[in-house]
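Here is what each chain is made of, one letter per residue.
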Amino acid sequence: PAKDGEPLPTGDVDASPVIEPSTPRRPDFGGVWLLDRIDGDCDALMSEVGAGWALRRLAKTMKYGVGRMTQDVSCEGDDFAMVQAGGPRTIEMRFRIGVGEQQTLGLYGTPVVVEPVWVGDCLQVAMRRTDCTQLPRIDRYLAGEEMVVRSRLAGGGVVARYFVRQSPRPAVCVVRRLSRGCSRSSSPRACGDEVVTAPAATLAAEAESTA
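Definitions and cut-offs
Residues numbered from 1 in each chain as written. Predicted model: local features only at pLDDT ≥ 70, side-chain atom pairs only at ≥ 80, totals over all residues. Heavy atoms only, no water. Helix = DSSP H or I, 4+ residues; strand = E, 2+ residues; numbered from the N terminus. Buried < 20%, exposed > 50% of the residue type's maximum accessible area, 1.4 Å probe, protein only. Areas by Shrake-Rupley, 256 points an atom, 1.4 Å probe, with all protein chains shown as cover. Core = buried A, V, L, I, M, F, W, Y, C linked by side-chain atoms within 4.5 Å. Contact = heavy atoms within 4.5 Å. Pairing = 2+ DSSP bridges. Axes fitted to C-alpha atoms, helices over the stretch in contact; angles between N-to-C directions. Phe/Tyr/Trp six-rings, centres within 6.5 Å; stacked < 30°, edge-to-face > 60°. Polar contact = N/O pair within 3.5 Å; in protein donor to acceptor, adjacent residues only side chain to side chain. pLDDT = per-residue confidence, 0-100.

1. Quick word on the overall build of the protein chain
Alright, step 1. When helices and strands are tallied, the protein chain shows four helices and twelve strands.
Alright, step 2. Relative to its full complement of 211 residues, the protein chain shows a buried share of 32%.
Alright, step 3. Taken as a whole, the protein chain presents about 13,100 Å² of accessible surface, with 52% of it coming from carbon and sulfur.

See below:
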């Protein structure tokens, strides 16, 4: 040990900087996406997820939404939200990634229990009905300039839907709480809240002026 006033020995001390592990970069799903094409048997997929005959027939007459169905996606951190419009029904799906099972709406409007996780650059969403019947897992990932939403059927077939981005999401979407006492998981509409979309600089300036 060094005596008082003597410098501490440095020969055996590792002065290398500590490198913290970095958070993996996630794909940017944010924006409005238009369904461009479909590979696979969509009627079989709809049947497997519980869509009735009338809804499946209507979807077929609409070419399963090709050229008209959109998905408006926002993904901030592990909070994922998607509004699907232009099909037989408008569906709003919300969940948090990596926290286990939670209930939401499936892509065809039926209540489902989901367990979303990141697997590399792919967002995998395991799904089941509320009666515990297993449903096709949804894989969402980017392939070049397209967003692919792929489902594997129980019989082994695959249905892949390819979306092209119509507009990015350069703005920041926030929820202004108009009512207190709503939980974080409550939807904005249920709480009577106001969803505001504006450039980040505008929101920052507004927050500073009201602070």
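2. Brief notes about unusual backbone geometry
Alright, step 1. Unlike most non-glycine residues, Lys 63 shows phi in positive territory, near 55°.
Alright, step 2. Looking at where Lys 63 falls in the secondary structure, it is placed in the loop between α2 (53-61) and β2 (70-76).
Alright, step 3. For Lys 63, a relative accessible area of 62% puts it in the exposed group.
Alright, step 4. For Tyr 64, which is not a glycine, the phi torsion comes out positive at approximately 55°.
Alright, step 5. Along the chain, Tyr 64 turns up in the loop between α2 and β2.

3. Observations regarding the nonpolar core
Alright, step 1. In terms of nonpolar packing, the biggest core is built from 33 residues, with Phe 95 and Leu 123 touching the most fellow members.
Alright, step 2. If we skip the residues at most four places from it in the chain, Phe 95 touches Asp 78, Asp 79, Phe 80, Gln 102, Val 114, Pro 116, Leu 123 and Val 125.

4. Observations regarding the sheet that holds strand β4 (residues 91-96)
Alright, step 1. Strands sit in the order β4-β3-β2-β1-β10-β9-β8-β7-β6-β5 across an open sheet of ten strands; the sheet is antiparallel. The open sheet has two edge strands with one neighbour each: β4 and β5 (102-105). This sheet shows a mean twist of 30° between the axes of neighbouring strands, independent of strand direction.
Alright, step 2. Where strand β1 (residues 31-39) and β2 come together, four bridges link them in antiparallel fashion. What sits directly across from Gly 31, in β2, is Val 73.

5. Quick look at the packing of aromatic side chains
Alright, step 1. Summed over all chains, the structure comprises two aromatic pairs.
Alright, step 2. Judged by centre distance (6.2 Å) and plane angle (10°), the ring pair of Phe 29 and Trp 118 falls under stacked. Here Trp 118 lies in strand β6 (residues 111-119) and Phe 29 lies in the segment before β1, a separation of 89 residues in the sequence.
Alright, step 3. Taking the relative accessible area as the measure of exposure, Trp 118 reaches 15% and is therefore buried.

6. Structural notes on the side chain of Asp 139
Alright, step 1. With respect to the element layout, Asp 139 can be found in strand β8 (residues 134-143).
Alright, step 2. Here Arg 137 takes part through its side chain, which lies 2.9 Å from a polar atom of the side chain of Asp 139.
Alright, step 3. Setting aside chain neighbours within four positions, we find Asp 139 in contact with Cys 122, Leu 123, Gln 124, Val 148, Val 149 and Arg 150.

7. Re the confidence of the model for the protein chain
Alright, step 1. Averaged over all residues, the pLDDT of the protein chain equals 78, while 68% of them reach at least 70.
Alright, step 2. Considering only residues more than four positions removed or in separate chains, one finds that residues 170-205, a stretch of pLDDT under 50, has 45 contacts.

8. Brief notes about the pairing of strand β3 (residues 79-85)
Alright, step 1. Relative to β3, β2 runs antiparallel, the two sharing seven bridges. Each residue of the ladder has a partner; that of Thr 70, found in β3, is Ala 85.
Alright, step 2. The pairing of β3 with β4 spans six bridges and is antiparallel. Across the sheet, the residue bridging to Met 82 is Met 93, located in β4.
Alright, step 3. A loop of five residues connects β3 with β4, the two strands running antiparallel in sequence, and Gly 86 in this loop sits at a positive phi of about 95°.

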